[in-house]
Amino acid sequence: MNAPLTEPSSTTTEDLGHQRAAIAALGHELRALVDATVRTAAPAEALHRMTDEVRRLTGRLTGRRRLRAEIPAVDVFPGGVRMYSPVTGPGSPLAPPMRVTPDGDGVVGHCTLGIAHEGPPGYVHGGMSAMLLDELMGWACYGAGTPAMTVSLRTRYHQPVPLETPLRVHARVTGTEDRKIFVAGSISTEQDRTAELVTADAVFVSPDPDRARALFPDGAP
Ligand SMILES: CCCCC/C=C\C/C=C\C/C=C\C/C=C\CCCC(=O)SCCNC(=O)CCNC(=O)[C@H](O)C(C)(C)COP(=O)(O)OP(=O)(O)OC[C@H]1O[C@@H](n2cnc3c(N)ncnc32)[C@H](O)[C@@H]1OP(=O)(O)O
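Below, the structure is looked at part by part. (Residues numbered from 1 in each chain as written. Predicted model: local features only at pLDDT ≥ 70, side-chain atom pairs only at ≥ 80, totals over all residues.)

### Thoughts on the site of the ligand
Item 1. Taken together, 23 residues surround the ligand, and among them Gly138, Pro147, Val151, Pro207 and Ala212 come closest.
Item 2. Those elements that provide at least two residues to the shell around the ligand are helix H3 (126-143), strand E3 (149-157), strand E6 (198-205) and helix H4 (209-215).
Item 3. Sorting elements by how many residues they give to the shell around the ligand places E3 first, with four residues.
Item 4. Within the shell around the ligand, the residues separate by chemical class into eleven nonpolar, four polar and eight charged. (Near = placed C-beta within 6 Å. Helix = DSSP H or I, 4+ residues; strand = E, 2+ residues; numbered from the N terminus. Nonpolar A, V, L, I, M, F, W, Y, C, P; charged D, E, K, R; others polar.)

Quick look at the structure:
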């Protein structure tokens with residue numbers, strides 16, 4: 001009989017590391033499953049068998065379920081580890097996941113997208129490009145010491161973004177005005193950083209403290 005899947009019982013640094021590693025390992029396998037799912041040409045009977053197996057597996061993820069707006073114990077909010085972010089989260093089957101590092105006066109994100117994120121055949125869905133940029137621009141705000149939320153995002157698609165190609169996403173704060181933060185971003189391939197395939201400019205706003213507490217009751221220091 002399979003061992004029950006339970007919640008972690010304590011949160012020492014070592015436990016946290018193990019828990020994050022386990023979350024990332026499951027995320028990795030689920031991304032592989034998503035990729036196999038959107039590529040397969042298996043016949044209907046095989047898909048029905050798989051459906052039954054996947055339903056059984058889903059039923060095995062038992063235990064307490066995270067509530068809406070609850071920040072996972074493995075996360076650091078705001079601006080730190082987000083294990084289940086749909087962009088950077090190693091535990092998310094939806095995330096590429098994008099790896100974010102500081103870069104001069106901004107931040108850079110590295111990722112490669114597969115056909116689960118396809119828009120035009122062979123190229124990245126435009127909404128996905130906007131999501132990568134939005135997330136990284138949020139990180140640029142956090143990196144500048146002002147965690148903030150997007151209030152406006154304008155994207156310009158200059159050339160299609162290829163799938164299965166290492167990408168470089170860049171974002172930096174270009175100015176501030178009270179609680180408003182102006183951010184610029186771009187996507188290129190790693191191979192040709194000078195050719196900006198998508199560019200974006202955005203306005204972020206740092207919520208006033210009362211608003212932030214109301215929006216993120218679990219995130220208050
Ligand atoms: C407890 C501590 C926690 C603190 C957390 C703080 C921030 C959280 C940070 C990060 C979140 C975590 C991780 C990041 C995840 C993803 C990153 C991607 C980013 C996103 O995916 S995020 C989701 C999409 N995003 C929204 O869901 C925002 C919806 N929105 C609102 O919830 C409110 O909008 C809010 C709270 C942002 C501000 O509300 P508020 O009441 O504090 O501010 P207010 O309305 O007074 O506006 C102030 C000044 O911004 C100007 N302004 C407003 N809107 C504008 C617009 N559209 N264009 C140009 N200017 C605009 C006004 O005109 C005024 O300017 P002025 O003063 O000059 O008139």
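### Points about unusual backbone geometry
Item 1. A cis geometry characterises the amide bond from Phe77 onward to Pro78, with omega recorded as -5°.
Item 2. Among the structural elements, Pro78 can be located in the loop between helix H2 (44-60) and strand E1 (99-103).
Item 3. The omega torsion across Pro96 and Pro97 is -20°, close enough to zero to call that bond cis.
Item 4. Looking at the element boundaries, Pro97 is found in the loop between H2 and E1.
Item 5. Even without being glycine, Glu164 reaches a positive phi, approximately 55°.
Item 6. Locating Glu164 in the fold gives a position in the loop between E3 and strand E4 (167-177).
Item 7. The residue Asp178 is not glycine, and still its phi comes out positive at about 55°.

### Focus on the pairing of E4
The side chains of a regular strand alternate between the sheet's two faces.
Item 1. By the bridge criterion, six bridges tie strand E2 (residues 106-111) to E4 in an arrangement that is antiparallel. Bridge pairing in E4 links His110 to Arg168.
Item 2. Bridge count for E4 against strand E5 (residues 180-189) is ten bridges, and the pairing is antiparallel. Among the inter-strand pairings, His170 is bridged to a residue of E5, identified as Ser186.
Item 3. Where E4 hands over to E5, the hairpin turn is made up of two residues, of which Asp178 adopts a positive phi near 55°. (Pairing = 2+ DSSP bridges.)

### A few points about H2
One turn of an α-helix holds 3.6 residues; hence residues three or four places apart share an orientation.
Item 1. Between its terminal C-alpha atoms H2 stretches 25 Å, which fits the 24 Å expected from 17 residues at 1.5 Å a residue.
Item 2. H2 sits mainly on the outside: zero of its 17 residues count as buried. (Expected span 1.5 Å × (residues − 1). Buried ≥ 20, exposed ≤ 12 C-beta atoms within 10 Å, placed from the backbone.)

### Some thoughts on the environment of Ser85
Item 1. Secondary-structure assignment places Ser85 in the loop between H2 and E1.
Item 2. The class of Ser85 is partly exposed, set by 18 C-beta atoms lying within 10 Å.
Item 3. Counting along the chain gives ten residues from Ser85 to Ala95, while the straight-line C-alpha distance between them is 7.0 Å.
Item 4. Beyond its immediate sequence surroundings of up to four residues, Ser85 is in contact with Ser92 and Ala95. (Contact = placed C-beta atoms within 7 Å.)

### Thoughts on the environment of Ala212
Item 1. Here Ala212 shows up in helix H4.
Item 2. As for Ala212 and Ser152, which are separated by 60 residues in sequence, their C-alpha atoms are 18 Å apart.

### Structural notes on the nonpolar core
Item 1. In terms of nonpolar packing, the biggest core is built from 30 residues, with Leu133, Leu136, Met137, Ala140, Val169, Ala171 and Val183 touching the most fellow members.
Item 2. Going through the elements one at a time, E2, H3, E4, E5 and E6 are the ones with two or more residues in this core.
Item 3. At seven residues, H3 tops the list of elements feeding residues into this core.
Item 4. Those residues in contact with Ala171 that sit more than four places away from it in its chain are Gly106, Val107, Leu133, Leu136, Met137, Trp139, Ala140, Val183, Ala184 and Gly185. (Core = buried A, V, L, I, M, F, W, Y, C linked by C-beta atoms within 7 Å.)

### Looking at the sheet that holds E2
Item 1. If you trace the six strands from one edge of the open sheet to the other, you get E1-E2-E4-E5-E6-E3, paired in antiparallel fashion. Only two strands of the sheet have a single partner each, and these edge strands are E1 and E3. Strand-to-strand twist of the sheet, defined as the mean angle between neighbouring strand axes without regard to direction, takes the value 20°.
Item 2. As judged from the five bridges shared by E1 and E2, these two strands associate in the antiparallel manner. When the bridges of E2 are listed, Val100 appears paired with Gly109.
Item 3. Contacts from H3 reach E1, E2, E3, E4, E5 and E6 within the one sheet, and its direction differs from that of E4 by about 50°. (Axes fitted to C-alpha atoms, helices over the stretch in contact; angles between N-to-C directions.)

Worth remembering: the numbers are spatial, not functional.
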